[in-house]
Amino acid sequence: MLKSLAKVSLLAAALSLPLSIPSVQAAEKTDFKVCWSIYVGWMPWGYLQDSGIMKKWADKYDIDVEIVQINDYVESINQYTAGEYDGCSMTNMDALSIPAGGGVDTTALIVGDYSNGNDGILLKDKTELAEIKGQTVNLVELSVSHYLLARALDTVGLSEKDLTVVNTSDADMIAAYATPDVTSVVTWNPLLSEIEAQPNATKVFDSAGIPGEIIDVMMVNTETLADNPDFGKALVGAWYELMAAMATDSEAGIAARTAMAEASGTDLAGYDAQLATTKMFYTPADAVEFSSAEELPATMKFVAEFLYDKGILGEGAPSPEFVGVSFADGSVYGDKANVKLRFDPTYMQMAADGAL
C-alpha cells in the first residue's frame, strides 16, 4: 500500500492545479463517473445505479453519471486520485491521506454517515482488548482500521509496538481470519459482522467508542465540481431521494434495503443490524448540521496528527498542518495556502432547501 500511495502522490501532484487555472482534469463536460466499494453506508450507491434513480436525476440536468463498484477499497481511492473517476466514496481520513495529501483538491459533497460501531477489532479465542498484546493483527494498513486500532490501544495503555500489524486487503479479510495463523483482525461491516458470527470471535472494541471520528463521504474532485455544478446537484438529489425512502419501512424502503442487503452478502435483518451501528444522515439538514459542527475541525486535527505520525500525510509533509482542510464557517486547519480537502455543505443545503 505504501508503494501505491507513493505512486498516487506523484501522479496526483502532477494533476493538481489551482482552482482559477483550467486543467485537463477539470472542464465543463456531460459524462461523469463515480466509484464506491462495499460498506453498509455506501451500498446505496449501487442501488442508485441499478434502480434508475441516478439516471432520473442525471437526465434532469442533461448529463450522464455512471456509478461503478470497485471491490478493493484502497484501489478505488487510488483510481479516483489518478483521475479515473470524478468522485469516490471514502472516509475523511483516507481522503486526507491519499487524494488531498497527494495534491488532488477534493470536496466532501455528501456526508453520508459516521461509523458508530461499524468498524471493530475482533480477537480469536480471547475476550478482552488488552489481550491483543503480542498478537498479529490483520487490517488494511493506514486505513481507518489502523486509526481505530491506534485509538483503541490508547484506552488500555498499549501502542502499536506491542503487536504486529499485517497489511491485508478487505477483499481477503474473511479468508485470512479462517487461517490458524490469524488471531486478530480490524475491519468494517459487512466483513465485521460475518467474522464476528464465528464461534471463536469476540469484538473487543468498535467505533462507538470514538463517535463522529470515522466519517463516510462521497468525495468529488473540487475543480470538476466547480466547473460542473449540475454534477453535484444530480448526485445529491439522487442520494437524498433514496435516503427518504430507505429510512422508512414503506414498500420502497424495504425493497431498497433488501436489494442492498443481498448485494452485500446478507439479508434484510442483517443489513438493518449494520445500519443500527451506523449513524446515517437520512436528511440533508442532519448532514449539514454535522458538517457545520464545531467538533469537525477538532476531529480532522486529530486525524491529521495520526497520519503525520504514520508518515503518510503527503510526500515529505513537514508537520500535521501540511494539508489545509477548510470548513463550512470558512475556517481552515493546516496550511491555508495548501487547502486540498473541503467540507462544503453547499449542495446538501440546496437539498435541504428543496432547491435541486
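The residue count restarts for each chain, going from 1 along the sequence in the order it is written. pLDDT decides what is reported in this predicted model: residues at 70 or higher carry local features, side-chain atom pairs at 80 or more are listed and counted, and totals for whole chains, interfaces and linings draw on all residues regardless. For side-chain calculations, the full set of non-hydrogen atoms in the structure is used, while hydrogens and water are omitted.

Engineer: Sorry if this is basic, but what is going on with the overall build of the protein here?
Structural biologist: Each helix and strand counted, the protein has 15 helices and 14 strands in total. Throughout, radius of gyration means the C-alpha value; the globule benchmark is 2.2 Å times the number of residues raised to the power 0.38. Computed over its C-alpha atoms, the radius of gyration of the protein comes to 19 Å, within 12% of the 21 Å expected for a compact globule of 356 residues. Structurally, the protein occupies a C-alpha span of about 55 × 55 × 35 Å along its principal axes. Two residues form a contact once any of their heavy atoms are found within 4.5 Å. Summarising the internal contacts of the protein: among those between residues at least 6 apart in sequence, 76% fall at separations of at least 24. By element, 51% of the accessible surface of the protein is carried by carbon and sulfur atoms, the whole surface being about 14,000 Å². Of the side-chain charges in the protein, 21 are positive and 51 negative, and the distance between the mean point of each set is 3 Å. Helix and strand labels come from DSSP, where a helix needs a run of H or I of at least four residues and a strand needs a run of E of at least two; each type is numbered from the N terminus. Per-residue accessibility takes into account occlusion by the displayed protein chains alone, with areas from the Shrake-Rupley method and a 1.4 Å probe. In this tally Asp and Glu are treated as negative and Lys and Arg as positive; neither His nor the chain ends contributes. Charged groups are reduced to one reference atom each: NZ for lysine, CZ for arginine, CG for aspartic acid, CD for glutamic acid.

Engineer: Would you take a moment to explain the environment of K233 for this structure?
Structural biologist: Position of K233 relative to the elements: it lies in helix 10 (residues 229-246). In this structure the C-alpha to C-alpha distance between K233 and M348, which are 115 residues apart in sequence, comes to 8.8 Å. The residues contacting K233, other than those within four sequence positions of it, are W57, Y61, Y347, M350 and L356.

Engineer: Can you walk me through the packing of aromatic side chains in this structure?
Structural biologist: Two measures describe an aromatic ring pair: the distance that separates the ring centres and the angle between the ring planes. Centres within 6.5 Å are what make two rings of Phe, Tyr or Trp a pair, Trp counting through its six-membered ring; a difference in plane orientation under 30 degrees is then read as stacked, over 60 as edge-to-face, and the rest as tilted. For the coordinates displayed, the defined rule picks out 11 aromatic pairs. A network of ring pairs unites the aromatic residues Y39, W42, Y73 and W188 as a single cluster. Positioned above the aromatic ring of Y85 is the side chain of K33, whose terminal nitrogen or guanidinium carbon lies 4.7 Å from the ring centre. Each ring is checked for a lysine NZ or an arginine CZ that lies within 6 Å of its centre and within 35 degrees of its normal; such an atom marks a charge sitting over the ring. One Lys or Arg, K124, reaches over the ring of Y177 and ends 4.5 Å from the middle of that ring.

Engineer: I tried to follow the environment of C35 on my own but got confused; where do I start?
Structural biologist: Along the polypeptide, C35 turns up in strand 1 (residues 31-36). Between buried and exposed lies partly exposed: a residue is buried under 20% and exposed over 50% of the maximum accessible area for its type, with that area taken using a 1.4 Å probe on protein chains only. By relative accessible area, C35 is classed as buried at 0%. Taking the C-alpha atoms as reference, C35 lies 22 Å from L192; in sequence the two are 157 residues apart.

Engineer: Could you clarify how one ought to interpret unusual backbone geometry in this entry?
Structural biologist: Glycine aside, residues mostly have negative phi, and peptide bonds are mostly found in the trans state. Following N189, the chain continues to P190 via a peptide bond in cis, the omega torsion being 10°. With respect to the element layout, P190 can be found in the loop between strand 8 (184-188) and helix 8 (191-196). In this structure, D125 takes a positive phi of about 65° despite not being glycine. Along the chain, D125 turns up in the loop between strand 5 (119-124) and strand 6 (136-139). In this structure, L142 is a non-glycine residue whose phi angle is positive, near 70°. Looking at the secondary structure, you find L142 in the loop between strand 6 and helix 6 (144-155).

Engineer: Please clarify how the nonpolar core should be interpreted in this entry.
Structural biologist: W45, L96, I121 and I132 are the most contacted members of the largest nonpolar core, which has 114 residues in total. The leading source of residues in this core is helix 10, at 10 residues. Within this scheme, the nonpolar core is defined by two criteria: the residues are buried Ala, Val, Leu, Ile, Met, Phe, Trp, Tyr or Cys, and they are joined through side-chain atoms within 4.5 Å.

Engineer: Where do I start with helix 6 in this structure?
Structural biologist: For an α-helix, 3.6 residues make a turn, and residues three or four places apart therefore share a direction. Helix span, expected: 1.5 Å multiplied by one less than the number of residues in the helix. A rise of 1.5 Å per residue sets the reference length of helix 6, with its 12 residues, at 16 Å; its end C-alpha atoms lie 17 Å apart and thus fit the reference within 8%. Of all 12 residues making up helix 6, nine are buried, and the element is well covered by its neighbours. Considered for burial, the residues of helix 6 that qualify are V144, S145, H146, Y147, L148, L149, R151, A152 and L153. Polar contacts here mean pairs of N or O atoms no more than 3.5 Å apart (in protein, one a potential hydrogen donor and the other a potential acceptor; neighbouring residues in sequence count only if both atoms are side-chain atoms). Here helix 6 starts with a cap whose side-chain oxygen sits 3.1 Å from the backbone nitrogen of S145, and that cap is S143. Positive backbone phi, approximately 70°, marks G157, located one or two places after helix 6.

Engineer: Honestly, the pattern of salt bridges in this entry has me stumped. Any pointers?
Structural biologist: It is possible for side chains of opposite charge to pair when their charged atoms get near one another. Each salt bridge in this description consists of a side-chain nitrogen of Lys or Arg and a carboxyl oxygen of Asp or Glu lying within 4 Å of one another. According to the stated counting rule, one finds 11 salt bridges in the structure shown. One network of salt bridges, in which partners are shared, links D249, R257 and D272.

As far as function goes, none of this settles anything; it's purely spatial.
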